Amino acid sequence: METATAPRRVERQETDKGYVPVYTTAVVEQPWDSYSADDHATWSTLYQRQRELLEGRACDEFLKAQDEMVMSAHMIPRFDQLNEVLGAATGWTLVGVEGLLPELDFFDHLANRRFPVTWWIRRPDQIDYIAEPDMFHDLFGHVPLLMNPVFADYMAAYGRGGVKAHAIGPDALQNLTRLYWYTVEFGLINTPKGLRIYGAGIVSSKGESLYSLESDAPNRIGFDLERIMRTRYRIDTFQKTYFVIDSFEQLMQATDPDFTPIYAALEQQEHLPAGDVQDFDHVFHKGTGEGWAEDGDV
C-alpha cells in the first residue's frame, strides 16, 4: 500500500477495445480545501435528491445512521470529522483513495476496518451515471451502514474472507465477489414496513432506487448463500435479480461459517444467469415484504 502526496483522479481508460479499469493502491489525504464550487454543488444536488427519494424506500438503519453521521447537502463532508463519529461507533476508519483498488488491497482494508473512499466526486455531466465508484457512491452509499454494529462486523468478516478466497483461487474469488454484489452493493431487506433498500449501489442511484422496489421487471428472491454465489450479475444495467435478507443478523449468521467446503461444492454446479429464478421457493411481491411459494419464472 503506497501513500501518495498529490492525489490523482484515477478513472477507467478508453482504448480501441473499449473501456478498461485502472487500479491504484495509493492512500491519500482528502484534499478538502481543493474542492471547487462545482464539486460541492454536485454533492449537494445528489445528496438532496437521493435523501428525499430514499424516505420510505431505504431501510431505517441506513437513514438513522446517515443522520447520526451528520451528513448533509450543505457541502462535501470531511473524512476526518466523519472518522471521529464512525470510530467511536464501530471502530471503522475512512481512508482516501484515488480510484479502484486491486482486490487484495481492498480486502485488506476491510479486514482491518478501513473503508476506502474515493476522494474525488463525479463531474456535473456525470451526475446521473458514472462507471466507477466516486466519492458520492462510496460516502453516501456505503459509509452510513458502517455505523450499524452488525453490518460493520459483516464488512470486516467479508474482508477477512476475501483475503482467504484470494489465496484459494479465482473460482472462490468469483463466488465471494457475487456475495458482495448481491448484498453490500445491491441488497434488499424485508422489514415490517415492506421491502427496503440497503445496498450502496441502489441507494446512490436515483434510477435503481425506483426500479429495485417498484418495477415488475426484476426477480426478488429470499437470501440463499449458495444461490447467490452461483448467480452471475450485470454491471452495465439495472439488476435482473435482487436477493432479500430478513435482517442484518441473518446476513451475518449465514456468512459466518467457513466457505472453503462451499467453494468446493460449487465447483460441481453450473453458474446461473442473472435473471434466473426457476424452482426457487421464496420470491417477493413488488414493493412489499410478502413472499409466496412458486415454481417457475416470475
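Source: prediction; values computed, not measured.

J.: Explain the packing of helix 1 (residues 37-54) against helix 5 (residues 135-142) to me, please; I cannot follow it from the model alone.
T.: Between two packed helices, what matters for the description is the angle formed by their axes and the separation of those axes. Contact geometry of helix 1 with helix 5 gives a least axis separation of 11 Å together with a crossing angle of 35°. Handedness of the crossing formed by helix 1 with helix 5: right-handed. Contacts between helix 1 and helix 5 pair Trp-43, Leu-46, Tyr-47, Gln-50, Arg-51 and Leu-54 from the former with Met-135, Phe-136, Leu-139 and Phe-140 from the latter. When the residues that make up the contact of helix 1 with helix 5 are grouped by side-chain class, the tally is eight nonpolar, one polar and one charged.

J.: I'm lost on the sheet that holds strand 4 (residues 93-97) in this one. Help?
T.: Strands pair in a sheet through their backbones, by hydrogen bonds, and they do so in one of two ways: parallel or antiparallel. With respect to topology, three strands assemble into an open sheet ordered 3-4-5, the strand pairing being mixed. In the strand order of this sheet, the two ends are held by strand 3 (27-28) and strand 5 (114-118), each with one partner. Two elements, strand 4 and strand 5, share five bridges in a ladder whose sense is parallel. For Val-97, the partnering residue across the bridge sits in strand 5 and is Thr-118. Sheet contacts for helix 3 (residues 79-90): strand 4 and strand 5; angle to strand 4, the most-contacted strand, approximately 155°.

How each quantity is defined
- Residues numbered from 1 in each chain as written.
- Predicted model: local features only at pLDDT ≥ 70, side-chain atom pairs only at ≥ 80, totals over all residues.
- Heavy atoms only, no water.
- Axes fitted to C-alpha atoms, helices over the stretch in contact; angles between N-to-C directions.
- Helix = DSSP H or I, 4+ residues; strand = E, 2+ residues; numbered from the N terminus.
- Left-handed = near helix turned anticlockwise from the far one by under 90°.
- Contact = heavy atoms within 4.5 Å.
- Nonpolar A, V, L, I, M, F, W, Y, C, P; charged D, E, K, R; others polar.
- Pairing = 2+ DSSP bridges.

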